[in-house]
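What follows is each chain in one-letter form.
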Amino acid sequence: MKRPTIHDVARVAGISRGTVSRVLNGDRYVSPAARLAIERAIAETGYVVNRNARNLVRQRAGSVVMVLSEPHEKLFEDPNYSTTIRTAIRRLGERDLSLVMMIAGDDRDREQVLRYMRGGHADGVLLVSTHAGDPLVDALRDARLPAVSCGAVIGRESVIPYAACDERGGARQMAEYLVSRGRRRIAMITGPMDTPGGIQRLEGFADVLGRKASTKLVEHGDWTQASGERAMARLLERVPDVDAVFAASDVMASGALHTLRQAGRRVPDDVAVGGFDDSSVAISTHPPLTTVRQPLADVAQETVRLLLALIDGADHVDPVTLPTELIVRESA
């Protein structure tokens, strides 16, 4: 059966093709009667907008690429990514834009992303978990492609606009809470030190602990549960009298809890544990995690809003930083 066209809609509605086109393109200056006739004709004919043709006329690809600068397995381990993806899909869908997911965990992956973008297959780029020094950032800038980041890109804050939570302030909230609970030997498991979450959450911790935040009490992780397990084991070996630990993500905190159980340490009686994110992990651990809630969906919403503004022709958009909230549960 021949696919119905805009001409069929115009014929059934008894209205010019130009008026039908204006309605399909969102023109508000069409009479209610004409709009109603066109909507009925669309339903009667089964007409579906040809997005490829529309995008060709507009010189748009009709899609946005989300680039995750992490190994593939982290996409499935960290629930934060699923929240970001769901929110972006919903927000972009309101503009009839599709989301394409690409991984850029190594040089080959990054080159594939650049080839895809330079080929005009997407209208913009959403960067997620981008590390300092990532060559993809400067390549996108040189190609003059609209790009924004979910979280600042260290050293490129003025190059790539971003939306983020108050990483440093949230870490201060957790450190202050642990101190207020009488904890005296407070350790930290950081994220990677080439990411804003790694650097700024450690800075917030140090703001409160001062000289007590010694290197002896700090271990580094990579956002995975396994890295939280290893870091906690090293802390127990080096500082056996540790009575609290702040992990810079809920996933790493769950790893710390596993190691503490294996070592026979009670939580929170012997060691209090705090996380960061308030992801689904925080309520699935035993005991449930005291954590810092970052508004992940709101950050994703703002990131998409900034990108859409650039796609629509804005010369400049300002970064957005959203507040965090301490959530107290049984682990601390």
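Residues numbered from 1 in each chain as written. Predicted model: local features only at pLDDT ≥ 70, side-chain atom pairs only at ≥ 80, totals over all residues. Heavy atoms only, no water.

In this structure, the largest pocket encloses a volume near 320 Å³. Along its surface, the largest pocket is lined by 17 residues, and Ala147, Val159, Ile160, Pro161 and Leu310 are the ones closest to its centre. Grouping the constituent residues of the lining of the largest pocket by class yields eleven nonpolar, two polar and four charged. (1 Å grid on protein atoms, 1.4 Å probe; cavity = no way out; pocket = protein on both sides within 12 Å on 5 of 7 lines; lining within 4 Å. Points joined across faces, edges and corners; volume = space filled by probe spheres on them. Nonpolar A, V, L, I, M, F, W, Y, C, P; charged D, E, K, R; others polar.)

Glancing now at the packing of aromatic side chains. A complete count under the given rule lists one aromatic pair for this structure. Arranged with centres 6.4 Å apart and planes meeting at 40°, the rings of Phe205 and Phe246 form a pair that is tilted. On the criterion of sequence distance, the pair formed by Phe205 in helix α10 (residues 196-209) and Phe246 in strand β8 (residues 244-247) is long-range, its members being 41 residues apart. Given a relative accessible area of 0%, Phe205 falls into the buried group. Using a relative accessible area of 0% as the deciding quantity, one classes Phe246 as buried. In this arrangement the basic side chain of Arg201 is found over the ring face of Phe276, its NZ or CZ atom lying 3.7 Å from the centre. (Phe/Tyr/Trp six-rings, centres within 6.5 Å; stacked < 30°, edge-to-face > 60°. Helix = DSSP H or I, 4+ residues; strand = E, 2+ residues; numbered from the N terminus. Buried < 20%, exposed > 50% of the residue type's maximum accessible area, 1.4 Å probe, protein only. Lys NZ or Arg CZ within 6 Å of the ring centre and 35° of its normal.)

With that out of the way, let us pick up helix α1 (residues 6-13). Each α-helix turn comprises 3.6 residues. Residues three or four places apart therefore point the same way. Within α1 the residues assigned to the buried category are Ile6, Val9, Ala10 and Ala13. An end-on view of α1 places all buried positions within 95° of arc, on one side of the element. Those residues of α1 that are buried are in contact with α2 (17-24) and α3 (32-45). One or two residues past the end of α1 sits Gly14, with phi positive at roughly 70°. (Arc of directions from axis to C-beta. Contact = heavy atoms within 4.5 Å.)

This brings us to the side chain of Thr190. Relative to the assigned elements, Thr190 resides in strand β6 (residues 186-190). Given a relative accessible area of 0%, Thr190 falls into the buried group. There is a polar contact of 2.7 Å between the side chain of Thr190 and the side chain of His220. Leave out the neighbours within four places in its chain, and Thr190 touches Gly198, Leu202, Val218, Glu219, His220, Gly221, Ala248 and Met252. (Polar contact = N/O pair within 3.5 Å; in protein donor to acceptor, adjacent residues only side chain to side chain.)

Our focus in this paragraph is the sheet that holds β6. Taken in spatial order, the four strands of this open sheet run β7-β6-β8-β9, and their pairing is parallel. If you trace the sheet from one side to the other, it starts and ends with β7 (218-220) and β9 (272-274), each paired once. Sheet twist, expressed as the mean angle between neighbouring strand axes with direction ignored, is 15°. Bridging between β8 and β9 involves three bridges; their strand directions are parallel. (Pairing = 2+ DSSP bridges. Axes fitted to C-alpha atoms, helices over the stretch in contact; angles between N-to-C directions.)

Summed over all chains, the structure comprises three cavities of 30 Å³ or more. Approximately 420 Å³ is the volume attributed to the largest cavity. Around the largest cavity, the lining comprises 25 residues; the ones closest to its centre are Ser129, Cys150, Glu167, Arg201 and Gln294. Mapped onto the lining of the largest cavity, the elements with two or more residues apiece are α6 (79-93), β4 (147-150), β5 (162-165), α10 and α13 (296-311). Two domains share the lining of the largest cavity, each providing at least three of its residues, namely domain 2 (63-165 + 297-322) and domain 3 (167-293). (Domains from an automatic or database assignment.)

A full pass over the atoms with the stated rule returns zero disulfides. No disulfide involves Cys150; its nearest neighbouring cysteine sulfur is the one of Cys165, lying 9.3 Å away. Residue Cys150 is classed as partly exposed on the basis of its relative accessible area, which comes to 21%. Residue Cys165 is classed as buried on the basis of its relative accessible area of 3%. (Disulfide = S-S within 2.5 Å.)

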